[in-house]
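# Summary of the model geometry
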Amino acid sequence: MNIDKFKHQHVEILSSISVLRALVKSGIGTNAEEIARRIISMSSTIKLHLAVEDKVLYPALKNTGDSTLTRMGQRYQDEMTGIAHSYLDFARRWNTAHTLTNKPEEFRADANNVLRVLYDRMCRENTEFYPAIEAY
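In this report, the structure presented in the accompanying data block is examined. Every chain is numbered independently, its residues counted from 1 as its sequence is written. Whole-chain, interface and lining totals are the exception, using all residues; otherwise, since this is a predicted model, local features are given only for residues with pLDDT of at least 70 and side-chain atom pairs are given and counted only at 80 or more. Calculation of side-chain values draws on the structure's entire complement of heavy atoms; hydrogens and water are dropped beforehand.

### Details of the overall build of the protein chain
Summing up its helical and strand segments, the protein chain has 5 helices and 0 strands in all. By the criteria applied, helices consist of DSSP H or I runs no shorter than four residues and strands consist of E runs no shorter than two, each listed in order from the N terminus. Secondary structure elements of the protein chain occur, N-terminal to C-terminal, as α-α-α-α-α. Structurally, the protein chain occupies a C-alpha span of about 50 × 20 × 20 Å along its principal axes. Each residue's exposure class comes from its accessible area (1.4 Å probe, protein chains only) as a fraction of the maximum for that residue type: buried when under 20%, exposed when over 50%, partly exposed otherwise. Put simply, the protein chain has 136 residues, and 42% of those count as buried. Here, residues are in contact when the closest pair of their heavy atoms is within 4.5 Å. Pairs at least 24 residues apart make up 77% of the contacts formed inside the protein chain by residues separated by at least 6 positions. All accessibility values rest on the Shrake-Rupley procedure with a 1.4 Å probe; residue burial counts only the protein chains present in the view. In the form shown here, the protein chain has an accessible surface area of approximately 7300 Å², with 53% of it arising from carbon and sulfur atoms. Think of it this way: Lys and Arg go in the positive column, Asp and Glu in the negative one, and His and the chain ends go nowhere. The atom standing in for a charge is NZ when the residue is Lys, CZ when it is Arg, CG when it is Asp and CD when it is Glu. Looking at the protein chain, you have 18 positive and 17 negative side-chain charges, and the mean spots of the two groups are 2 Å apart.

### A look at the packing of helix 3 (residues 67-93) against helix 5 (residues 104-135)
Axis angles are defined between N-to-C directions and span 0 to 180 degrees, where every axis is a line fitted to C-alpha atoms and, for a helix, only to the segment in contact. Running from N to C, helix 3 and helix 5 cross one another at 160°; their axes reach a closest spacing of 10 Å. In terms of their interaxial angle, helix 3 and helix 5 are classed as roughly antiparallel. Between helix 3 and helix 5 lies a crossing of left-handed hand. In this classification, the charged set is Asp, Glu, Lys and Arg, the nonpolar set is Ala, Val, Leu, Ile, Met, Phe, Trp, Tyr, Cys and Pro, and all remaining amino acids, among them Gly, are polar. Residues of the contact of helix 3 with helix 5, tallied by class, amount to 16 nonpolar, 2 polar and 8 charged. Should an angle fall under 35 degrees it is called roughly parallel, over 145 degrees roughly antiparallel, and 65 to 115 degrees roughly perpendicular, with every other angle called oblique. Handedness of a crossing is defined here by the sense of rotation of the near helix relative to the far one, left-handed for an anticlockwise turn of less than a right angle and right-handed for a clockwise turn.

As structure tokens, this is what we get:
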């Protein structure tokens, strides 16, 4: 199974997280417009990525006949449901410069939590999940 499309989307998302971190570090108030824009943009990429995984990747894993791959895919899909809800809630809360400017420390704490979980999950996919798929 060719998973290059999924890997490319991971690169985009991880790059967006990195840019967000740099913007936050250099000042939430100063960069509020760009932070909000980046969150909206990243949300579109994440939604597309999740939709393709749900419609293509996970069903394909179930059809491999490999029980290990099927279980791994189900575990990753189940886990991602909660992570996706957390991220999408985060994105709805922090997608305007006004909100970011009014509550910068609340945003910082929320971003540190939500984006860390997302980042860690994607790294595990890159080092555990995708290599298992490619080995099949």
